[in-house]
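Observations on the three-dimensional arrangement
Below, each chain spelled out in residue letters.
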Amino acid sequence: MTEGIDTDMLWDEFHRVVNMTSEELRSYLLAEASGEEAFTAHPDLGVDELGRSVLHVLGKRKVDLTDDDVRVMRQVIDLVETVGDKTDDESRRVLMTAGHDPLRP
């Protein structure tokens with residue numbers, strides 16, 4: 001478990017930028033994974049690794065965060081800040097894979 005003010009601020013910022021619910025993200029990831037090539041034979045169903053990690057963090061309590069969870073939260077925040085709220089198809093797809101819908105206020 002990680003603790004401290006930095007983790008509190010990171011938790012709050014992560015939940016600010018991840019503006020999709022767990023169910024919305026899960027549905028989006030499964031739809032993306034099915035794509036034109038349909039589901040793969042692999043157990044992860046071709047779901048994006050970052051998206052799976054975001055879902056994992058969203059299902060946790062702050063006190064249960066691991067160092068890997070903190071890394072994922074930082075990665076998502078950095079991604080959203082780097083890409084911005086671009087609405088072109090590719091940028092929106094990348095952001096939504098991380099749980100951020102740039103079209104949502």
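Heads up: these notes are all about the structure in this document.

How each quantity is defined
Residues numbered from 1 in each chain as written. Predicted model: local features only at pLDDT ≥ 70, side-chain atom pairs only at ≥ 80, totals over all residues. Heavy atoms only, no water. Helix = DSSP H or I, 4+ residues; strand = E, 2+ residues; numbered from the N terminus. Buried < 20%, exposed > 50% of the residue type's maximum accessible area, 1.4 Å probe, protein only. Contact = heavy atoms within 4.5 Å. Salt bridge = Lys/Arg side-chain N within 4 Å of Asp/Glu carboxyl O. Arc of directions from axis to C-beta.

1. Quick notes on the overall build of the protein chain
A tally of helices and strands in the protein chain yields five helices and zero strands. Counted from the first residue to the last, the protein chain has its helices and strands arranged as α-α-α-α-α. Among the 105 residues that make up the protein chain, the fraction classed as buried is 37%. Sequence-distant contacts, at least 24 apart, represent 61% of the contacts inside the protein chain between residues at least 6 apart.

2. Structural notes on the pattern of salt bridges
Applying the stated criterion to the full structure yields nine salt bridges. The partner of D6 in a salt bridge is R74, and the shortest N-O contact between them spans 2.6 Å. Of this pair, D6 sits in helix 1 (residues 5-17) while R74 sits in helix 4 (residues 67-83), and the two are 68 residues apart along the sequence. By relative accessible area, which is 48% here, D6 ends up partly exposed. In this structure R74 comes out as partly exposed when scored by relative accessible area, which is 37%.

3. Observations concerning helix 3 (residues 49-58)
For helix 3, the complete set of buried residues consists of L50, G51, V54, L55, V57 and L58. Angularly, the buried residues of helix 3 cover 160° about the axis, an arc narrow enough to put them on a single face.

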